[in-house]
Amino acid sequence: MDNSDKHAYCIMAHGNWRQLQLLLDMIDDRRNDIYLHVDAKSIDDYKSMGGVSVSNSHLELIKSADVRWSDISQADVEVDLFHSVLQSGNTYSRIHLISGADLPIKSQDDIHDFFKDKKEEFIDIGTPKQYIRRIKYYHFFVRNRRKYPLAELVRKILILIQVPFVNRLKHCPLKFAYGANWCSLTQRAVQEIVDKWKLYRPIFTHSTSCDELYKQMILLANPSFAFAKEGNLRYVDFNSKQPSPKTLRMEDYDKIMNSNCLFARKFDINADEKIVFKISKQISL
């Protein structure tokens, strides 16, 4: 097998080890290498239950970090995963960033066939104005905004104070762009992100949910990258208008499998194990 036909899966996980093992079983293929990050808050539990395993893929567990929602720590870990991929010395035709709550909804044969000879970046990218405040103003206490309601209140008050006179984008070398963080990129795009992260990280330090900004903004600054019209090929349901997508259930099965996507999120085997096992069985046929 030509090494350039290989795919890399970069996975961010923080629990639900039975489901994580099932996910790895679904992508365990000699054509895939897997790079796994387990959140520092969960790593002891992960190790105590014996971790996860694969039979055909190479699996690498990277150093754990304490990831917090909407904090720059999520972007840092994504870059760490990408860096591990590049440091491996392997050549990959496609690098997928997924979470431990994702599942492929196509077989590995179908996924590899789909990406064969494709050069575009499969990532959501747009410039919706409603999200520009994520980086236009300084966001403080982001790391603790979920845990401490007072921190979130102070963060919002400080943003209101900044509105009349602060615009961090005015002198920013990158143009604003936004999209879901989960993506399937070429190795050249991943190299670009890793190479530029140290330079541009200060721009994103006091933003919020920068994992949905930095990849898009860095790649958009280089006109040599082309972006696929299909987006990131992930099925997700945000119809509830909540910050997190709906946990998918059996009622969603037909919509998921009839979509033109390759992956879907999010699933919880403890909430509805039937859909998880049904998808796993379907793509193994």
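Residues numbered from 1 in each chain as written. Predicted model: local features only at pLDDT ≥ 70, side-chain atom pairs only at ≥ 80, totals over all residues. Heavy atoms only, no water.

Peer 1: Explain the nonpolar core here, please?
Peer 2: A general trend in soluble globular proteins is that nonpolar side chains are found buried together. By size, the foremost hydrophobic cluster in this structure holds 43 residues, and its most contacted members are Phe82, Leu185, Phe204 and Tyr214. Contributing elements (two or more residues each) for this core: β1 (7-13), α3 (72-87), β4 (94-99), β6 (183-185), α7 (187-205) and α8 (214-220). With sequence-adjacent residues up to four places away left out, Tyr214 is seen in contact with Ala75, Glu78, Val79, Phe82, Ile193, Trp197 and Phe204. Formed by 39 residues, the second largest nonpolar core is a distinct cluster that contains Trp17, Leu22, Ile105 and Ile279. (Core = buried A, V, L, I, M, F, W, Y, C linked by side-chain atoms within 4.5 Å. Buried < 20%, exposed > 50% of the residue type's maximum accessible area, 1.4 Å probe, protein only. Helix = DSSP H or I, 4+ residues; strand = E, 2+ residues; numbered from the N terminus. Contact = heavy atoms within 4.5 Å.)

Peer 1: Just checking my understanding: could you explain unusual backbone geometry for this structure?
Peer 2: Excluding glycine, most residues fall at negative phi; most peptide bonds, likewise, are trans. The omega angle of the peptide bond from Arg265 to Lys266 is 0°, so this bond is cis rather than trans. As for its position among the elements, Lys266 is in the loop between β8 (263-264) and α10 (273-283). Even without glycine at this site, Asn16 takes up a positive phi of about 55°. Mapping Asn16 onto the fold places it in the loop between β1 and α1 (17-27). Positive phi outside glycine occurs at Ser70, with the angle close to 70°. As for its placement among the helices and strands, Ser70 is situated in the loop between β3 (58-61) and α3. Judged by relative accessible area, Ser70 falls into the buried class, the value being 2%.

Peer 1: Sorry, what's going on with the sheet that holds β3 here?
Peer 2: Pairing between the strands of a sheet comes from backbone hydrogen bonds, and it takes one of two forms, parallel or antiparallel. Pairing is mixed across the open sheet formed by 5 strands, whose spatial order is β3-β2-β1-β4-β6. Two strands lie at the open edges of the sheet, namely β3 and β6, each paired on one side alone. On average, adjacent strands in this sheet sit at an angle of 20° to one another, irrespective of strand direction. With 4 bridges joining them, strand β2 (residues 32-38) and β3 adopt parallel strand pairing. Note that in β3 the partner of Ile34 across the bridge is Leu59. On top of the sheet, α1 reaches β1, β2, β3 and β4; it is set at about 175° to β1, its chief contact. Across the sheet, α3 is in contact with β1, β2, β3, β4 and β6; its angle to β1 comes to roughly 150°. (Pairing = 2+ DSSP bridges. Axes fitted to C-alpha atoms, helices over the stretch in contact; angles between N-to-C directions.)

Peer 1: Can you help me understand the sheet that holds strand β7 (residues 234-235) in this one?
Peer 2: The strand order across the open sheet built from 3 strands is β5-β8-β7, with neighbouring strands paired in mixed fashion. Two strands lie at the open edges of the sheet, namely β5 (103-104) and β7, each paired on one side alone. Examined bridge by bridge, β5 and β8 share 2 bridges and lie antiparallel to one another. Its bridge partner lying in β8, Pro104 is registered against Phe263.

Peer 1: Would you mind going over the packing of α3 against α7 with me for this structure?
Peer 2: Helix-helix packing is characterised by the crossing angle of the two axes and by the distance between the axes. In contact at an axis separation of 10 Å, α3 and α7 are set at 150° when each is read in the N-to-C sense. By the criterion of interaxial angle, the relationship of α3 to α7 is roughly antiparallel. Read as a crossing pair, α3 and α7 show a hand that is left-handed. Only Gln187, Val190, Gln191, Ile193, Val194, Trp197, Arg201, Phe204 and Thr205 of α7 make contact with α3, whose side of the interface consists of Ile72, Ala75, Asp76, Val79, Phe82, His83 and Leu86. (Parallel < 35°, antiparallel > 145°, perpendicular 65-115°, else oblique. Left-handed = near helix turned anticlockwise from the far one by under 90°.)

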